[in-house]
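Listed here are the chains, written in short residue letters.
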Amino acid sequence: MRTAARECVLKYLYAERINDECGGQLFESLLKDDKLKEEDRAFARSLLAAVEENKEQLLNEIASLSVGRMFEIDKCALLIGMAEIAFFQDIPFVVSVNEAVNLVSKYSTEKSMGFVNGILAEFGRRRGLNS
């Protein structure tokens, strides 16, 4: 399931933000632990690649759309949602937003759900997408 694939990417990004020495071996281990199908592992790899290749641009977008500090897990979910919105045109905007919000509902605070939803809605609006 792509939801589980996104969760693997979230866990890896969070680990990477906490520990700079994370490597691809950790990510592959996460993919195996969740017993994803190969199609879902491929999606997770391409999603992580999109985040990694565009991280500076995406972090700049997050900074321009938010004020103050945020939880690292929320930032990771935003990276995933923004990467999907920007680079995966086959995924509907609303699906990307819902998936990111679901991730923070599981791993962050209740207030984070509205925060992530609002940031992604504005990101989509700036790109001419309807929410």
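What you see is a predicted model, and the numbers here were worked out from it, not measured in a lab.

A complete count under the given rule lists twelve salt bridges for this structure. Here Arg6 makes a salt bridge to Glu84, at a shortest N to O gap of 2.4 Å. Remark: Glu84 occurs in helix H5 (residues 72–87) and Arg6 occurs in helix H1 (residues 2–18); sequence separation between them is 78 residues. Across the pair, exposure class does not vary: Arg6 and Glu84 are buried alike. Salt bridges sharing common partners tie together Glu28, Glu38, Arg41 and Arg45.

Evaluated as defined, the whole model comprises two aromatic pairs. For the ring pair Tyr12 and Phe27, a centre distance of 5.4 Å and an interplane angle of 65° mean the geometry is edge-to-face. Note that Tyr12 is positioned in helix H1 and Phe27 in helix H2 (residues 24–33), a separation of 15 residues in sequence. Here Tyr12 matches Phe27 in class, with each residue buried. Summarising the aromatic geometry, the rings of Phe43 and Phe88 are spaced 5.8 Å apart at their centres and angled 70° between planes, so their arrangement reads as edge-to-face. Here the residue Phe43 occupies a position in helix H3 (residues 38–53), and Phe88 occupies one in the loop between H5 and helix H6 (93–107), the gap between them amounting to 45 residues.

Attention now moves to the side chain of Lys55. Structurally, Lys55 can be placed in helix H4 (residues 55–65). Once residues lying within four places of it in the same chain are set aside, the contact partners of Lys55 are Leu13 and Glu16.

The next thing to look at is the environment of Ala100. Its place among the elements puts Ala100 in helix H6. For Ala100 and Leu120, which are 20 residues apart along the polypeptide, the C-alpha to C-alpha distance reads 8.8 Å. If we ignore the near neighbours within four places in the chain, the residues touching Ala100 are Ala77, Gly81, Val116 and Leu120.

Taken N-terminus to C-terminus, the directions of H6 and helix H7 (residues 110–126) make an angle of 155°; their axes are 8 Å apart at the nearest point. By the angle between their axes, H6 is roughly antiparallel relative to H7. Where H6 crosses over H7, the two elements pack in a sense that is right-handed. Note on element contacts: H7 touches H6 through Ser112, Met113, Val116, Asn117, Leu120, Ala121 and Gly124, opposite Phe93, Val97, Ala100, Val101, Val104 and Ser105. Grouping the amino acids of the contact of H6 with H7 by side-chain chemistry returns nine nonpolar, four polar and no charged.

Let us look at the environment of Leu103. Mapping Leu103 onto the fold places it in helix H6. Spatially, the C-alpha atoms of Leu103 and Val67 are 21 Å apart, while their sequence positions differ by 36 residues. If near-sequence neighbours (up to four positions away) are discounted, Leu103 is found in contact with Arg6, Glu7, Leu10 and Ile80.

Analysis parameters
Residues numbered from 1 in each chain as written. Predicted model: local features only at pLDDT ≥ 70, side-chain atom pairs only at ≥ 80, totals over all residues. Heavy atoms only, no water. Salt bridge = Lys/Arg side-chain N within 4 Å of Asp/Glu carboxyl O. Helix = DSSP H or I, 4+ residues; strand = E, 2+ residues; numbered from the N terminus. Buried < 20%, exposed > 50% of the residue type's maximum accessible area, 1.4 Å probe, protein only. Phe/Tyr/Trp six-rings, centres within 6.5 Å; stacked < 30°, edge-to-face > 60°. Contact = heavy atoms within 4.5 Å. Axes fitted to C-alpha atoms, helices over the stretch in contact; angles between N-to-C directions. Parallel < 35°, antiparallel > 145°, perpendicular 65-115°, else oblique. Left-handed = near helix turned anticlockwise from the far one by under 90°. Nonpolar A, V, L, I, M, F, W, Y, C, P; charged D, E, K, R; others polar.

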